[in-house]
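Descriptive analysis of the structure
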Amino acid sequence: MSSLIYFLKEVAKTYYSRKVLEVHNLDIHSGEILAIVGPSGAGKSTLLRMLNFLEPPTQGTITFHNHTFSAGVEMPQDLRRQVTMVFQRPMLLNRSIQANVSFGLEIRGIRGTAERVQAALEEVGLAHLAHQKARTLSGGEAQRVALARAIVLKPEVLLLDEPTANLDPYNVGMIEKIVLHLNQTHHTTLVLVTHNVFQAKRLAHRVAFLLDGKVIEVSSADVFFNQPQDPRTAAFVRGDMIY
Amino acid sequence: MISVPTELIDIILLSMQVSGVALLISTLIGVPVGVFLGLNRFVGHRFTIALLYTGMGFPPVVIGLFVYLLLSRSGLLGSLHLTLIPALFTPGAMVVAQTIIAFPLIAGFTMAAVMGVDPNLRQQVMALGATKQQAALVVLTEARVGVIVAIIAGFGGIISEVGAVMMVGGNIEGRTRVLTTAIVLSTRQGEFSLALALGLVLLSITFLVNVAMLRLQGKSFDE
């Protein structure tokens with residue numbers, strides 16, 4: 001694999017004196033698809049929020065492009081803007097679909113966005129709805145707009161927080177295809193949080209298993225699913241309860 | 001006496017001016033304060049909200065009394081004799097009183113509207129690269145329907161208010177007489193038809209202003 005884009009060292013996150021995440025070491029490689037799997041409450045979303053620099057770790061450091069993010073440190077704007085996230089719920093603005101997709105470009109002061117917006121909407125198969133209001137969309141369409149809104153920015157890193165958790169198989173398939181394409185053509189680094197082992201299997205190059213805030217195992221998808229090193233990983237992959 | 005139409009027009013204009021300027025000032029202060037309170041948590045946050053809610057229900061006549069005491073010649077501000085501080089019994093004093101009445105209404109309702117916006121939306125907007133200011137602006141636009149209600153409530157609170165303008169304005173003919181104080185006066189003088197006519201004018205103004213603001217609200221729904 002190519003160079004490191006993220007490097008996490010002794011990262012811990014505490015909310016109200018409850019430690020929800022403790023990662024001693026985690027590397028994320030440029031251009032890879034890393035899936036983070038684990039049961040709900042394992043700290044997956046917390047980890048993503050920190051990778052997006054939305055909240056700093058309580059302890060430890062997250063190095064991104066040789067820049068260190070830690071408690072009390074604000075990440076420089078231009079670095080922060082190389083990373084974006086699609087959440088589990090689409091969280092569209094109460095505007096037109098086009099206005100939603102151009103939002104990220106506008107706040108960066110980029111003008112004349114019509115073509116880029118159109119291209120992004122075409123990629124998610126919704127170009128014909130550009131002028132409709134976002135609130136008229138179905139769940140799957142809304143999530144595809146949310147994805148278009150992220151990919152129009154051509155981010156270096158795209159974080160996906162359970163992006164297909166509530167969707168039908170058609171939309172799941174479509175979103176998976178789009179993110180795979182993004183990774184293959186633009187070498188966008190993808191970090192995908194999912195509780196769906198099958199989705200991780202379909203998409204990921206490497207998989208990290210998170211349980212009770214701790215990284216139990218990180219390995220290539222092949223090893224992770226076929227020869228898991230940790231019995232808890234093996235149980236999770238089999239679909240057994242591991243509480 | 002209020003008999004000549006030009007006098008009536010002066011009264012209407014003064015009402016609109018005093019309440020308009022007070023509304024503008026209280027909106028310019030109240031909306032940002034409401035957004036700040038809605039988006040941030042700090043020590044004393046709940047206490048500040050309690051104060052704000054109290055302010056929303058404060059009797060105008062009590063605010064009139066405070067402003068009277070502040071602006072009178074021997075008062076805390078009046079004794080400073082600064083050009084920026086209006087004297088008692090001037091339209092400026094009425095603007096001060098009405099600004100204080102409208103501010104908690106606008107800040108309070110704006111805060112509630114902002115709190116009603118899903119906190120995850122702000123996080124999503126930040127994740128798309130917005131600065132804190134840009135994110136606050138997005139939340140404000142998402143809450144726009146409630147914010148316009150806040151401004152309408154502020155306007156309603158002061159255009160119809162009589163206690164404070166009476167006390168700090170003095171209802172001086174040709175100088176500080178506004179619609180509400182004129183209604184009080186003409187009723188006291190037994191000129192009920194005039195009082196009723198003035199009341200109708202006041203109602204019409206309030207109605208028209210509200211229609212205009214609702215159009216603004218409707219427009220923002222459609223965009």
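Scoring rules and cut-offs
Residues numbered from 1 in each chain as written. Chains lettered and ligands numbered in written order. Predicted model: local features only at pLDDT ≥ 70, side-chain atom pairs only at ≥ 80, totals over all residues. Heavy atoms only, no water. Helix = DSSP H or I, 4+ residues; strand = E, 2+ residues; numbered from the N terminus. Rg over C-alpha atoms; globule rule 2.2 N^0.38 Å. Contact = heavy atoms within 4.5 Å. Areas by Shrake-Rupley, 256 points an atom, 1.4 Å probe, with all protein chains shown as cover. Lys, Arg positive; Asp, Glu negative; His and termini not counted. Charge placed at Lys NZ, Arg CZ, Asp CG, Glu CD. Salt bridge = Lys/Arg side-chain N within 4 Å of Asp/Glu carboxyl O. Buried < 20%, exposed > 50% of the residue type's maximum accessible area, 1.4 Å probe, protein only. Axes fitted to C-alpha atoms, helices over the stretch in contact; angles between N-to-C directions. Left-handed = near helix turned anticlockwise from the far one by under 90°. Nonpolar A, V, L, I, M, F, W, Y, C, P; charged D, E, K, R; others polar. pLDDT = per-residue confidence, 0-100. Core = buried A, V, L, I, M, F, W, Y, C linked by side-chain atoms within 4.5 Å. Pairing = 2+ DSSP bridges. Right-handed = clockwise from strand over helix to strand, strands pointing away. Buried area = accessible area lost by both parts, 1.4 Å probe.

With that out of the way, let us pick up the overall build of chain A. For chain A, the count of helices and strands is nine helices and 10 strands. The C-alpha radius of gyration computed for chain A amounts to 18 Å, which stays within 12% of the reference 18 Å derived for 243 residues, consistent with globular compactness. Taken over the C-alpha atoms alone, chain A extends approximately 50 × 40 × 35 Å along its principal axes. Sequence-distant contacts, at least 24 apart, represent 66% of the contacts inside chain A between residues at least 6 apart. In the structure as shown, chain A presents an accessible area of about 10700 Å², 50% of it carried by carbon and sulfur atoms. In chain A, 25 side chains carry a positive charge and 22 a negative one; their mean positions are 6 Å apart.

Pairing of side chains with opposite charge becomes possible as their charged atoms draw close. Applying the stated criterion to the full structure yields nine salt bridges over all chains. A salt bridge links A:E55 to A:K13; its shortest N-O distance comes to 3.7 Å. Linking A:E55 in the loop between α1 (44–51) and β4 (59–64) with A:K13 in strand β1 (residues 4–15), this pair joins segments that are 42 residues apart in sequence. The exposure class assigned to A:E55 is buried, which follows from its relative accessible area of 14%. A residue is classified by how much of its surface remains accessible, and A:K13, at 8% relative accessible area, is buried. With a shortest N-O distance of 3.5 Å, B:K132 and A:E74 are connected by a salt bridge. Of this pair, B:K132 sits in helix α6 (residues 132–142) while A:E74 sits in the loop between β5 (67–69) and α2 (77–80), which puts the two residues in different chains. Among the charged side chains, a salt-bridge network with shared partners connects A:K13, A:R49 and A:E55.

Our focus in this paragraph is the packing of helix α3 (residues 97–107) of chain A against helix α4 (residues 114–123) of chain A. Each pair of packed helices gets described by two things: the angle between the helix axes and the distance between those axes. Residue and element names in this part refer to chain A. Direction vectors running N to C along α3 and α4 enclose 115 degrees, while the axes themselves pass 9 Å from each other. Of the two elements, α3 crosses α4, and the hand of that crossing is right-handed. Listed contacts from α4 to I97, Q98, V101, S102 and L105 of α3 are R116, V117, A120 and L121. Partitioning the contact of α3 with α4 into residue classes produces six nonpolar, two polar and one charged.

Okay, the confidence of the model for chain B next. Residue and element names in this part refer to chain B. The pLDDT averaged across chain B works out to 92; a share of 96% of its residues lies at or above 70. Mean pLDDT in chain B bottoms out at helix α10 (residues 192–222), which sits at 85, and peaks at helix α4 (residues 91–115), which reaches 97. Here the complex is predicted with pTM 0.85, and the ipTM for its interfaces comes to 0.91.

Residue and element names in this part refer to chain B. If you trace the backbone, T206 turns up in helix α10. Owing to a relative accessible area of 19%, T206 belongs among the buried residues under this scheme. With near-sequence residues (within four places) excluded, T206 lies in contact with F155 and I159.

Core analysis: the biggest nonpolar cluster contains 105 residues, and A:V101, A:L121, A:L147, A:L158, A:V207, B:V125 and B:M213 have the highest contact counts within it. Counting residues per element, this core draws most heavily on α4(B), at nine residues. Apart from the residues within four sequence positions on either side, B:M213 is in contact with B:L23, B:I148, B:I151, B:I152 and B:F155. Membership of the second largest hydrophobic core comes to 32 residues, among which are A:I28, A:L48, A:L79 and A:V83.

Attention now moves to the pairing of strand β7 (residues 157–161) of chain A. Residues and elements named next belong to chain A. In terms of burial, β7 is largely enclosed, as five of its five residues are buried. With burial as the criterion, each face of β7 is covered, one bearing V157, L159 and D161 and the other bearing L158 and L160. Here strand β6 (residues 83–86) runs beside β7; their pairing, made up of four bridges, is parallel. Within β7, the residue paired with V86 across the bridge is L160. Taken together, the five bridges between β7 and strand β8 (residues 189–194) define a ladder with parallel strand orientation. Paired with D161 across the strands is V193, a residue of β8. For the crossover from β7 across helix α6 (residues 169–186) to β8, the handedness is right-handed.

Moving on to the interface of chain B and chain A. Each partner contributes to the interface: chain B provides 21 residues, whereas chain A provides 29 residues. When the two sides are added together, the surface that chain B and chain A hide from each other amounts to roughly 2000 Å², 49% of it contributed by carbon and sulfur. Counting the surface chain B buries against chain A, the share from its top three residues, B:Q124, B:A127 and B:L128, is 31%. Inspection of the chain B/chain A interface yields two salt bridges. At the level of secondary structure, the elements contributing two or more residues to the side of chain B that touches chain A comprise α5 (119–127), α6 and α10 of chain B. For the side of chain B that touches chain A, the element with the most residues is α5(B), which contributes seven residues. Residues of the side of chain B that touches chain A, tallied by class, amount to eight nonpolar, seven polar and six charged.

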